[in-house]
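Below, each chain spelled out in residue letters.
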Protein chains: 2
Amino acid sequence: MPRRSSGRVTLQHIADRVGVTKITVSRALREPHLVSAALRLRIESAIDELGYIPNHSAGALASGRSHSVALLIPSLSNAVFSEIQRGIEEGLGQAGYQVLIGHTGYSILEEERLIDTYLSYGVEALILPGTRHTDHACRLLTRARVPVVETLELTETPLDINVGLDQHEAGKAMTQAFLDRGHRKIGFLGARMDYRAQLRMAGWEAAIRQAGLSAERCLTTPHPSSYRLGGEMLASMLERWPDLEGIFCGNDDLAAGALFECQRRRLNVPDQLALAGFNGLDITEATAPPLATVVTPRRCIGDTIARRLLARLQGAPLQPSSENLGFRIRRGGSL
Amino acid sequence: MPRRSSGRVTLQHIADRVGVTKITVSRALREPHLVSAALRLRIESAIDELGYIPNHSAGALASGRSHSVALLIPSLSNAVFSEIQRGIEEGLGQAGYQVLIGHTGYSILEEERLIDTYLSYGVEALILPGTRHTDHACRLLTRARVPVVETLELTETPLDINVGLDQHEAGKAMTQAFLDRGHRKIGFLGARMDYRAQLRMAGWEAAIRQAGLSAERCLTTPHPSSYRLGGEMLASMLERWPDLEGIFCGNDDLAAGALFECQRRRLNVPDQLALAGFNGLDITEATAPPLATVVTPRRCIGDTIARRLLARLQGAPLQPSSENLGFRIRRGGSL
DNA sequence: CCCCCGAAAGTTACCGGTAACACCGGAAGA
DNA sequence: TCTTCCGGTGTTACCGGTAACTTTCGGGGG
């Protein structure tokens, strides 16, 4: 007599119904070729007659395998991550892994908490946004002996697999595009200012200084970025530096918001003010004019992560490495 | 000697280190007040010395509780769901539940697959987008005897908890706003055309017919919506019905894309063409002019779901009900 | 006729926790 | 002094599967 009347159908119920032992039912599900065809059919029909749903916890506990992988992303509302995630899910899904998604809210403390949570779920790998983690998180990761992917930006000292692009270089390249178009008074507008945003800004500053120009025209805020914020911050910048010729925005949302504000002010883009964003989201191709942006290879990042992670999961040894997938500058019509 | 050298630290290791049995360590973690203070401290220090990470599968199996809830959303890239999800996560997170997110890609077949997956993970509740499910999904849900939330739209026959708004009514109300402004030749532009999009369109049609007008000016596509698509479809509509006075777009993305296309064509919004979207995303307040839209109470939906679901999880009986959280029409400057 | 082999199914033990109940010693009450 | 009670800890069994090994049985080769 069961202690708790769970009411749930277990392997044993199926086995009783068919007149075999539960291990045979278990085999029929996981390794059908080891079970005779006739029996397999009877088992299958018993399974959907009784409505058996496997107990993942029991399976994971017994086998030591969870068939799942954790994917942490900074924010669910940021379209940047959805393509990366799609590539990962397709690649890993085909190999039988379930992808568990968590979001860190751009906080490495929250990341640490999630790493802990997902390790207790027994995930077989972790995919992390960024290359900076708390000390405790690093200790957890090392001790867990689980493949780890760090993505989005690059690092000299990857924990394991690192796939991304050089954010600093990309920031520099876009700034250079402004310079190539003859602009000199080029500002930077940034929000949230997470580590990657800082790298992009540093790239802007490096290019500006290298050209012997002043990097003073810079406005940032720790607030989350949004279209509205882009407009508001553009207004502040124009008030403070009326001589601005171009503004490099830390991401596409800000750039679009800035563009809308220019439209309200009847400020011609790019003639009176050039604008650029970062990421190459859909919106940059739709606005009037289309926005200049740094197109990041997000889908490719996702695919690459899936491929390299599968190799590790299938036994490839730990061999820390970085893969730089580059970027592309798109001039659009705003530069 | 262990069969597999998992290398992982278990409760038993902690217990051995401290010199107690594992049940005491288990108690110290789950019901600290039942363990003496001195012992608790020794246990805690052993835990972080050895780096113990609980095994969620084992706990879930033994206790029959997973402390987790599945949240299915149609798409990760649609900003509409992120606020709903935030409300849910805050509410349920505080109560100790982990929210597992899955996305259906707007397919009820994929939804069915995910329901199966998450039931096998032992989730204690399911939150589903929409009120339409496959027959098999309904059978799974009924048999699982687990609280279910259906959200976004309303239904007369909820499975359990239903929280949302009347999409048909909302479509009708926005169309009425066009009529109130004196527009007569009002079109509808829709993409993806999932069930909710169809309801909104039906609302548009109802209002149009009720006003004795023609509902012919309607263009839809099964493709996923995007800014770019909004522009392209606007162009098609203008070509086909040059007399259009206003267009109600099935969501904000399409409306924004349509607005950008108007800007390219130097078509004044709203004087030459009125536009409206649906959802009240951030972008509608940022464009020039701001877009008219139906503001949906997404955060409130999330909070309400969390509240009502917690009540059920804490023992409130199954009592199917619908809660209509309404909507608000915002005129913006495009209508 | 015996042996060996392999396919098909069964036995046993175990994964790492938790529920339920048993136990123990000391303080409070009778 | 004897119960009673209770805080603090231990014992035992079990959750629902899977790994590893064993058993059974029929057929082919020697």
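Residues numbered from 1 in each chain as written. Chains lettered and ligands numbered in written order. Predicted model: local features only at pLDDT ≥ 70, side-chain atom pairs only at ≥ 80, totals over all residues.

### Some words on the overall build of chain A
Part 1: What chain A contains, in helices and strands, is 13 helices and 12 strands.
Part 2: By the compact-globule yardstick of 20 Å for 335 residues, chain A is too spread out, its C-alpha radius of gyration being 26 Å.
Part 3: Each principal axis of the C-alpha atoms in chain A carries an extent, and together these give about 85 × 40 × 35 Å.
Part 4: Expressed as a percentage of contacts within chain A between residues at least 6 apart in sequence, the contacts between residues at least 24 apart total 71%. (Helix = DSSP H or I, 4+ residues; strand = E, 2+ residues; numbered from the N terminus. Rg over C-alpha atoms; globule rule 2.2 N^0.38 Å. Contact = placed C-beta atoms within 7 Å.)

### Focus on the pairing of strand 5 (residues 161–165) of chain A
All names here are of chain A.
Part 1: Burial within strand 5 is extensive, with five of its five residues counted as buried.
Part 2: By the alternation rule, side chains of strand 5 split into Ile161, Val163 and Leu165 and Asn162 and Gly164, which are all buried.
Part 3: Looking at chain direction, strand 4 (residues 148–153) and strand 5 are connected through five bridges and run parallel. Across the sheet, the residue bridging to glutamate 153 is leucine 165, located in strand 5.
Part 4: Both strand 5 and strand 11 (residues 321–324) contribute to a ladder of four bridges, which runs parallel. Bridging across to strand 11, glycine 164 finds its partner in asparagine 324. (Buried ≥ 20, exposed ≤ 12 C-beta atoms within 10 Å, placed from the backbone. Pairing = 2+ DSSP bridges.)

### Remarks on the domain arrangement of chain A
All names here are of chain A.
Part 1: Domain parsing of chain A yields domain 1 (11–54), domain 2 (66–164 + 298–327) and domain 3 (167–295).
Part 2: Summarising the inter-unit geometry, the C-alpha centres of domain 2 and domain 3 are found 30 Å apart.
Part 3: Class assignment for the residues of the side of domain 2 that touches domain 3 results in six nonpolar, one polar and two charged. (Domains from an automatic or database assignment. Nonpolar A, V, L, I, M, F, W, Y, C, P; charged D, E, K, R; others polar.)

### Some details on the sheet that holds strand 4 of chain A
Residue and element names in this part refer to chain A.
Part 1: The strand order across the open sheet formed by six strands is 2-1-3-4-5-11, and the pairing between neighbours is parallel. Looking at which strands have only one partner, the edges of the open sheet turn out to be strand 2 (98–103) and strand 11. Direction aside, the axes of adjacent strands within the sheet are offset by 20° on average.
Part 2: As paired elements, strand 3 (residues 126–129) and strand 4 share four bridges and run parallel to each other. The residue bridging isoleucine 127 from the neighbouring strand is valine 149, located in strand 4. (Axes fitted to C-alpha atoms, helices over the stretch in contact; angles between N-to-C directions.)

### Some points on the packing of helix 5 (residues 80–94) of chain B against helix 13 (residues 298–313) of chain B
Residue and element names in this part refer to chain B.
Part 1: Contact pair helix 5 / helix 13: the axes reach a minimum separation of 7 Å and the direction vectors enclose 35°. Pair helix 5 / helix 13 crosses with right-handed handedness. Along the contact surface, helix 5 presents Val80, Glu83, Ile84, Gln85, Arg86, Gly87, Ile88, Gly91 and Leu92, while helix 13 presents Arg298, Arg299, Ile301, Gly302, Asp303, Ile305, Ala306, Arg307, Leu309 and Leu310.
Part 2: Among the residues making up the contact of helix 5 with helix 13, the classes are represented as nine nonpolar, four polar and six charged. (Left-handed = near helix turned anticlockwise from the far one by under 90°.)

### Some details on the protein's contact with DNA strand C
Part 1: Close contacts around DNA strand C come from 28 residues, with Leu11, Ser26, Ala58, Ala62 and Ser63 of chain B the closest.
Part 2: Secondary structure elements with two or more residues in the surface near DNA strand C: helix 2 (22–30) and helix 4 (56–63) of chain A together with helix 2 (22–30) and helix 4 (56–63) of chain B.
Part 3: Ranked by residue count, the leading element in the surface near DNA strand C is helix 4 of chain B, at five residues.
Part 4: Residues that form the surface near DNA strand C fall into these classes: 14 nonpolar, nine polar and five charged. (Near = placed C-beta within 6 Å.)

### Notes on the relation of the copies chain A and chain B
Part 1: The operation relating chain A to chain B is a screw motion whose rotation component is 180°, with 0.0 Å of axial translation and a residual RMSD of 0.1 Å. With respect to symmetry, the two chain copies, as superposed, fit the operation of a two-fold axis. Among all C-alpha atoms of chain A, that of serine 57 of chain A lies closest to the rotation axis, at 2.2 Å.
Part 2: In this assembly the copies share their binding face: 100% of the residues contributing to the interface of chain A also contribute to that of chain B. (Least-squares fit on C-alpha atoms with pLDDT ≥ 70 in both.)

### Side note on the protein's contact with DNA strand D
Part 1: Around DNA strand D sit 28 residues in total, of which Leu11, Ser26, Asn55, Ala58 and Ala62 of chain A are the nearest.
Part 2: Contributions of two or more residues to the surface near DNA strand D are made by helix 2 and helix 4 of chain A together with helix 2 and helix 4 of chain B.
Part 3: The dominant element in the surface near DNA strand D, judged by the number of residues it contributes, is helix 4 of chain A, at five residues.
Part 4: When its residues are assigned to classes, the surface near DNA strand D shows 14 nonpolar, nine polar and five charged.

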